[in-house]
Amino acid sequence: MDKYNHKKTEAKWPDSAKASTGKQKEYDHSVVEAKWQAKWAKEQIYKTPGTGEKKRYVLDMFPYPSGASMHVGHLEGYVGTDILSRYFRMKGHSVLHPMGWDAFGLPAENYAIKTGIHPDKSTHENIKTFRRQLEISGMSYDWDKEIDTSSPEFYKWTQWIFIQLFKAGLAYKKKSPVNWCPKDETVLANEQVVEGKCERCDTEVIQKDMDQWFFKITAYADRLISGLEKIDWEDEVKRQQINWIGRKEGINIRYKVVGSDKEIEVFTTAPVNFGMTFLVLSPEHKLLKELKLPKAYQESVAKYIKEHLSSSSNSTNVANKSNKTKTGVFTGLYVANPINNKEVPVWVSDFVVAGVGTGAVQGCPGHDLNDFEFAQEYKLPIVRVIVGKDGDASEITKKDQVIEHGMEGRFINSDFLNGLDFEEGLQKTMDWFEDKGLGKRTVTYHIRDWLISRQRYWGCPIPMVYCEDDGWQPVPDTDLPVKLPSDVDFLPHGESPIARSETFQKDVVCPICGKQVKREVDTMDTYVDSSWYFMRFCDPKNKNEFASKENIIPVDDYVGGGHVVQHLLFARFFWKFLFDQGLIDKSVGDEPFLKLRAPGWILGPDSRKMSKRWGNVITPDDIIPKFGADTLRVYEMFMGPFDVMKPWSITGVEGIARFLGRVWRLFSTEYKVHSTEENTEVLSKLHQTIKKVGEDVENYKFNTAISSLMELVNTLTEAGSQKSEIRNEVGKTKIENQTSIQTPNISHQTSEVLSALARLMAPFAPHMMEEIWVEVLGMPFSIHASPWPSYDPKLIVQNEVTVVVQINGKVRASMKLESEISKQESEVTKLAKSDPNVTKWLEGQTIKKTIFISGKVINFVI
RNA sequence: GCCUCCGUGGCGGAAUUGGUAUACGCGUACGGUUUAGGACCGUAUUCCGUAAGGAUUAGAGGUUCAAGUCCUCUCGGAGGCACCA
């Protein structure tokens, strides 16, 4: 603990500048940062330009303003997008960089239950804290575009979009088994159930039959997969989305139950029907109630069903059962396999899940691992119909002999399929069933329709009324928004607290017949708000539309973590829907987030996740008063790659503070480059850095951008100190005494270098660079509105390069050569052979081969 | 169980298409400066060795003139999916 209690010790910062010379102007970050933050706000320099050729939308996933304030980990993504925004503004783009609040949500309501403080009040207090923390961090948000999902101006349009979905047949109310969290007393979407538990409170989720609102996201399943090809996201995230959607092509086959007129339909992706030896129904299967079982089996089957009826039949996120041995029971029934006219037994087992496919599976144990395990457990026959690439055609008795779909193989023991390739044979089998009218090719999905009803208060009211004559009707546009009532008690009673509001149901009439009706009392999942907020940012004050068509643009750079499946999938669904409705311009495309990056977590100094529990939470308020926002920003970006986890280090922060101190002194000390040689070296370094920083920023490689800036600063400092040494000898003057920045005296040549350096650093350390720009370099306000430096490719080329001499691949010497010479093999060979280190190794040897890599390496093989 | 990504000094981490491994920063040591300092400046710092030299990117093999980078296996870590038919 003591190592990290920097809060307690009075920091000695920021008096570094004053220390080295009594005359130098001090850099007091608290004064400078406050000064420029006020000026930037007053001059509105971050206002989104109304017009502009090169529009660029840079967005953070907006935060939920929780009671705990922001910590330095939250800031990482915000600093990244801030650097991008500042960089693109300097590059001449019209940047839209807004911020807002995902203000509805359960924690505020739970807090209200505990304390009696209204969610509206606590949420807005939290927003104030969050906004202040962002402002003192020097963020360049256009605050004119700020939005708050809990404001009626915003949720009016959430409701309006709901109604559009309803009118398009994509919002519907249906009674179905749903995930119910007994602690939060609300239903949850499948996406919000993690390992059978509530995502928020970790309570075991139970199943309940309830009448709920759904959005038909399944209608977009295919497009949600195919659209991923067009966008720049991490492959990992794309894969997770594809996985969640879970598209599978296969066939539904109907089997006649022997001695009955009933049929059982199974879904399979791999109909290896000559290897089918049984059929399995899930315990929930409807037919089990309809079929007449032989007496001898009735009792055991009923008992099995009772014991193994899944507690969460609808959810595919059921509790972990996969490691258990499979159980099951024979029903006494048989079905006929038409392809070989064999009868196979029908079993019941809970390894077959009701919600997947048809809830019934054909058992082909030779070629499916689950079927194999089941067959082994109950001594059911195992027939081999595929030979894999190992050529083994013997009886299958071991797990690793099972050749599954997707592996290489050829058919055997399968009549007309014999000799066919695995995949080809499956297609032939499907053709056979389709021809006979016994089956039909189908596509199944893992994704379910999105359940959006919540029995909670602090959310957007669902704008629907129920009329006994006309059914569910949307509230007319002119009556929107349906305002959230304030006269409620928050204690949950298994229904929405709004149900107990006296004002909410007052004078509500059916828009069709005018009869007195009741409003829907449930609210929407907060993911509905976040599914379209980024569109509202394009036109946040529009009173007539959710956002006008000409203003909506997709997000170019979207930064945020988590929510990989939920938010990103839901938001893409909304965008595609509104796009299809013609409410988004066709030219901008049907994907909302063109590039997506997730910042890695910042861990505590103890390498544990920051949390109150470990006492390792560090907030911007712990750092900024002592080190300044610039130090915090540069440190967070320098820590490591943007997208990986990394631990906080207070000595690392101090290192950055030292670096910025060096930068300040570099500018505030008279600096000149004298000889031509140093001059070109410095210029070459500068132009290399301009190129590298630009490229790195665009690729989110902020850590290496900063290290190259450090190298440039080191080069400049060295060049400066060489000059000072000369003066020391000649003029016998001490460096410290000769400088003062009161009247900057900077040569033309130098100011070009320094002006470029200041601009390169401006996105990272905006306050100090503004101070340097205006007060030291005497340039007009603001550095953040000045153009990004451009580089000259000719100046990047170094005139001296190092060529390495290898013997058998081992480095034996290196030579500094002029660039031109380093490209000539004969010249380099001659020079290399004359190097004493090389001759020593080559003595008495014959060179078998020489490999020459122009300008880099010459390798002699002996 | 399956899939994906990752493993580089005391630490965080750099390294175009295979072409000087350890950039940059932290820490440490010594020296300087200062009334003093946890500030600032300088030098050193992968390991072994006085040196010449040798070893080194989790471990073991392989391809290559040349491997942190490509291939195979093993170990370790992170994440995702998890009876998906």
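In this text the structure is predicted, and so the values were computed from the model without any measurement.

### Some words on the overall build of chain A
- Across its full length, chain A holds 26 helices and 32 strands.
- If one aligns the C-alpha atoms of chain A with their principal axes, the spans along those axes are about 115 × 90 × 55 Å.
- Across the 862 residues that make up chain A, the buried fraction comes to 52%.
- A separation of at least 24 residues holds for 72% of the contacts in chain A among residues at least 6 apart in sequence.
- Total accessible area on chain A is roughly 39,500 Å²; 50% of this is exposed by carbon and sulfur atoms.

### Focus: the packing of helix α2 (residues 29-43) against helix α23 (residues 766-776)
- The contact between α2 and α23 brings their axes to 9 Å, and the two run at 80°. The orientation of α2 relative to α23 falls into the category roughly perpendicular. For the pair α2 and α23, the contacting residues are Val32, Glu33, Lys35, Trp36, Gln37 and Trp40 in the first and Pro766, His767, Glu770, Glu771, Val774 and Glu775 in the second.

### Thoughts on the protein's contact with RNA strand B
- Neighbouring RNA strand B are 54 residues; Lys248, Thr268, Thr269, Asn370 and Arg658 lie closest to it.
- Considering the 4 Å shell around the protein, atoms of RNA strand B inside it are sugar or phosphate in 66% of instances.
- Arg812 has a polar side-chain atom sitting 3.0 Å from a phosphate oxygen of RNA strand B.
- Of the residues forming the surface near RNA strand B, the biggest block, six residues, is contributed by helix α20 (residues 702-731).
- Residues that form the surface near RNA strand B fall into these classes: 19 nonpolar, 19 polar and 16 charged.

### Some words on the packing of aromatic side chains
- Applying the stated criterion to the full structure yields 51 aromatic pairs.
- When the ring of Trp450 is compared with that of Phe570, the centres are 3.6 Å apart and the planes differ by 5°; the resulting orientation is stacked. One end of the pair, Trp450, is in strand β19 (residues 450-451); the other, Phe570, is in helix α15 (residues 566-580), and 120 residues separate them in sequence.
- The buried category is assigned to Trp450, whose relative accessible area is 0%.
- The class of Phe570 is buried, set by a relative accessible area of 1%.
- Within the aromatic cluster, the residues linked to one another by ring pairs are Phe162, Phe166, Trp213, Phe215, Tyr220, Trp450, Tyr466, Trp472, Tyr527, Phe570, Phe573 and Phe574.
- The side chain of Arg56 reaches across the aromatic face of Phe88, ending 3.9 Å from its centre.
- A cation sits over an aromatic face here: Arg131 above Trp143, 4.1 Å from the ring centre.

### What about the state of the cysteines?
- All told, the structure shown has zero disulfides when counted by the stated rule.
- No disulfide involves Cys460; its sulfur sits 20 Å from that of Cys538, the nearest cysteine.

### A look at helix α25 (residues 825-834)
- When α25 is considered as a whole, its buried residues turn out to be Val828, Thr829 and Ala832. Projected onto a plane normal to the axis of α25, the buried residues spread over an arc of 100° and lie on a single side. With respect to the buried face of α25, the exposed residues turned more than 90 degrees away are Ser826, Lys830 and Ser834.
- Of the surrounding secondary structure, the elements contacted by the buried residues of α25 are β29 (800-807), β30 (810-818), α26 (836-842), β31 (849-853) and β32 (857-861).

### Digging into the sheet that holds β31
- With respect to topology, four strands assemble into an open sheet ordered β30-β29-β32-β31, the strand pairing being mixed. The two strands at the open ends of the sheet, each matched to only one other strand, are β30 and β31. Strand-to-strand twist in this sheet, taken as the mean axis angle between neighbours without regard to direction, amounts to 15°.
- Two elements, β31 and β32, share five bridges in a ladder whose sense is antiparallel. By the bridge assignment, Thr850 is partnered in β32 with Phe860.
- Against the sheet, α25 contacts β29, β30, β31 and β32, and its axis sits at roughly 65° relative to β32.

### A few points about the confidence of the model for chain A
- Confidence in the prediction of chain A, expressed as mean pLDDT, is 86, and 90% of residues score 70 or more.
- A low-confidence stretch, residues 1-24 stays under pLDDT 50, and its non-local contacts, those more than four residues away or across chains, total 38 contacts.
- Counted against residues more than four places away or in other chains, residues 723-746, with its pLDDT under 50, gives 34 contacts.
- Both scores are available for the predicted complex, with the pTM at 0.89 and the ipTM at 0.93.

### Focus: the packing of helix α4 (residues 106-115) against helix α5 (residues 119-136)
- One can describe the packing of α4 onto α5 by two numbers: an axis separation of 9 Å at closest approach and a directional angle of 120°. In terms of orientation, α4 lies oblique with respect to α5. When the axes of α4 and α5 are compared, the crossing they make is right-handed. Of the residues in α5, those touching α4 at Ala108, Glu109, Tyr111 and Ala112 are Pro119, Ser122 and Thr123.
- Partitioning the contact of α4 with α5 into residue classes produces four nonpolar, two polar and one charged.

The rules we used
Residues numbered from 1 in each chain as written. Chains lettered and ligands numbered in written order. Predicted model: local features only at pLDDT ≥ 70, side-chain atom pairs only at ≥ 80, totals over all residues. Heavy atoms only, no water. Helix = DSSP H or I, 4+ residues; strand = E, 2+ residues; numbered from the N terminus. Buried < 20%, exposed > 50% of the residue type's maximum accessible area, 1.4 Å probe, protein only. Contact = heavy atoms within 4.5 Å. Areas by Shrake-Rupley, 256 points an atom, 1.4 Å probe, with all protein chains shown as cover. Axes fitted to C-alpha atoms, helices over the stretch in contact; angles between N-to-C directions. Parallel < 35°, antiparallel > 145°, perpendicular 65-115°, else oblique. Near = heavy atom within 4 Å. Polar contact = N/O pair within 3.5 Å; in protein donor to acceptor, adjacent residues only side chain to side chain. Nonpolar A, V, L, I, M, F, W, Y, C, P; charged D, E, K, R; others polar. Phe/Tyr/Trp six-rings, centres within 6.5 Å; stacked < 30°, edge-to-face > 60°. Lys NZ or Arg CZ within 6 Å of the ring centre and 35° of its normal. Disulfide = S-S within 2.5 Å. Arc of directions from axis to C-beta. Pairing = 2+ DSSP bridges. pLDDT = per-residue confidence, 0-100. Left-handed = near helix turned anticlockwise from the far one by under 90°.

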